[in-house]
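Here's the letter readout for the chains.
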Amino acid sequence: MRGQKPVVLAVALLTGLCLSSGVAAAGNDWGGAKPGSDGAGDSYYPQDGNGGYDVADYNLKVTYDTTSHQLTGLQDITARATQALSSFNLDLRGLTVDTVRIDGRDAKFSRSGDHELTITPSRSLRRGQNFEVKIAYHGVPAPIEDPSLGNNGWQYAQAGGAFVAGEPKSATTWYPVNDTPLDKATFHLAITVPDEWGVIANGRERGTFKAPGGTTHVWAEETPIVPYMTTVAIDKWTFDKQKRKDGTPIVSAFAPGVPDSTKQAEARLPEILDFLESKFGKYPIDAAGGIFLNEQIGFSLETMSRPIYSAGWAGTVPTIVHENAHQWYGDSVAVDHWRDVCMNECFASYATWLWDEAKEGVDLNKQYADDVKKASTGFWNGKLYDMGPGNEFTYVYSKGPVMLHALRNYIGQSAFDRVLKTWPSLHRGGNASMQDFQRYTESVAHQNLKGFFDAWVYGTGKPADQYLYPGGLKPAA
């Protein structure tokens, strides 16, 4: 996410002139160094993320005391400058930064706003230069309060553990990060906790070993990941470990008190992944599983390779289908901007429709007709694109799958199946927008779909009958 001696002489003369006049030979690669932007420019959250560099890997070493809640971290960030940088920003909330070093040299740093960490290297960075940032920090993590979803980020379990979950923000509550979906990176975590506690995180487990003050647990997510999809969870887990037929490890963790019905639902994960693979193409992540809390939070979340689930209502097969569908739609292929969030939630929601159709024999045309019949004015006016900050997670769950079923009937089963299955591989590891999806669907279906997308996605109000009842769709009796 895509003839020669005269020339040599001329170059030599030009180089000499540049050096004698005090102009850096690298020109804009170095001499034009300026601060990187303090935001990634998303229209909803313009100050989240940063510009001027691209992160390749986060390597995080953390010690966490479950009694005092004190977290002590050492973060290694490997990155590449995309412009000549005199300074650049990272995002970090609340925690205290102790030292910053860039390529082994001490760097200056300052804090501003609620999450900006500005770093000034001792030497400006050239455009294209690979560099390493080492940050030592500590503190007691605190969640971000969300008026609709509750707490996001680092949260505390009633039994004494902790976990990380939140969208669109969460990573900034426990490590320095470029907090934008546009900057994916691999993620390596070594976390030390008291011996009696277990740990689960993204990716593959790389082992445990004794350390001062407890046990260190090492996890590695080698599939580039959006920051809000990173997680760690600390509890006295019961683990279930198995493998897919292709050898992909499945590791699920259940907090004390999680009911057997939830464990039985998660036991169907290999079947669920096989089904989703039949619809969306090859599973795009290098590990799988789930994290099942015994805490009532306002959501479950598609944390990469290992979704995290609220207690109670979330421990069901439909929710597990939904969150794992995100591994294709939302995780492997992430949004360009938050106004495109239907590209995540509409598709994961429709995945549960597809599951019910295949596994439960549900007549989706009838379900569609019933949903249309009972739909309110508010439903039809709910936006699936550019719905505004704070409104992302509303009608994408209800109107979103209805829209996709209409699209299925509008372009025909064959074209729809092809779009669903090839889109994730086309954009694997990258980002995409609703407009990208529309153009690709038009190319597969050999149709101009402006009218359909204007009626269902970009506009509001009840679509005209040609878009509301295409193909075999009919009004409910």
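- Going by an unreviewed UniProt entry, the chain carries the name Aminopeptidase N and comes from Amycolatopsis heterodermiae.
- Recorded in UniProt under Cofactor (unreviewed entry), the annotation for the chain is "Zn(2+)".
- A UniProt comment under Catalytic activity (unreviewed entry) is attached to the chain, and it reads "Release of an N-terminal amino acid, Xaa-|-Yaa- from a peptide, amide or arylamide. Xaa is preferably Ala, but may be most amino acids including Pro (slow action). When a terminal hydrophobic residue is followed by a prolyl residue, the two may be released as an intact Xaa-Pro dipeptide."

### Here's the deal with the overall build of the chain
So, point 1. Assigned secondary structure in the chain consists of twelve helices and 23 strands.
So, point 2. The C-alpha atoms of the chain give a radius of gyration of 25 Å, which matches the 23 Å a tight globule of 477 residues would have.
So, point 3. Based on the C-alpha atoms only, the size of the chain along its principal axes is roughly 85 × 65 × 40 Å.
So, point 4. The 477 residues of the chain split such that 56% are buried.
So, point 5. In the structure as shown, the chain presents an accessible area of about 19300 Å², 52% of it carried by carbon and sulfur atoms.
So, point 6. Across the chain, the centroid of the 44 positively charged side chains sits 5 Å from that of the 54 negatively charged ones.

### Focus: the packing of aromatic side chains
So, point 1. A complete count under the given rule lists 32 aromatic pairs for this structure.
So, point 2. For the pair Trp-154 and Trp-174, a centre-to-centre distance of 5.9 Å together with 50° between the ring planes defines the contact as tilted. Note that Trp-154 is positioned in strand S11 (residues 150-156) and Trp-174 in the loop between strand S12 (162-165) and strand S13 (185-193), a separation of 20 residues in sequence. Residue Trp-154 shares its accessibility class with Trp-174, and that shared class is buried.
So, point 3. An angle of 65° between the planes, with centres 5.8 Å apart, marks the rings of Phe-280 and Trp-328 as edge-to-face. One end of the pair, Phe-280, is in helix H3 (residues 269-280); the other, Trp-328, is in the loop between helix H4 (317-325) and strand S22 (334-335), with 48 residues separating them in the sequence. With respect to class, Phe-280 is no different from Trp-328; both count as buried.
So, point 4. Across from the ring centre of Trp-197, 4.8 Å away, lies the NZ or CZ of Lys-236, which sits over that ring.

About the cut-offs
- Residues numbered from 1 in each chain as written.
- Predicted model: local features only at pLDDT ≥ 70, side-chain atom pairs only at ≥ 80, totals over all residues.
- Heavy atoms only, no water.
- UniProt positions renumbered as here; feature names shortened; annotations may be inferred.
- Helix = DSSP H or I, 4+ residues; strand = E, 2+ residues; numbered from the N terminus.
- Rg over C-alpha atoms; globule rule 2.2 N^0.38 Å.
- Buried < 20%, exposed > 50% of the residue type's maximum accessible area, 1.4 Å probe, protein only.
- Areas by Shrake-Rupley, 256 points an atom, 1.4 Å probe, with all protein chains shown as cover.
- Lys, Arg positive; Asp, Glu negative; His and termini not counted.
- Charge placed at Lys NZ, Arg CZ, Asp CG, Glu CD.
- Phe/Tyr/Trp six-rings, centres within 6.5 Å; stacked < 30°, edge-to-face > 60°.
- Lys NZ or Arg CZ within 6 Å of the ring centre and 35° of its normal.

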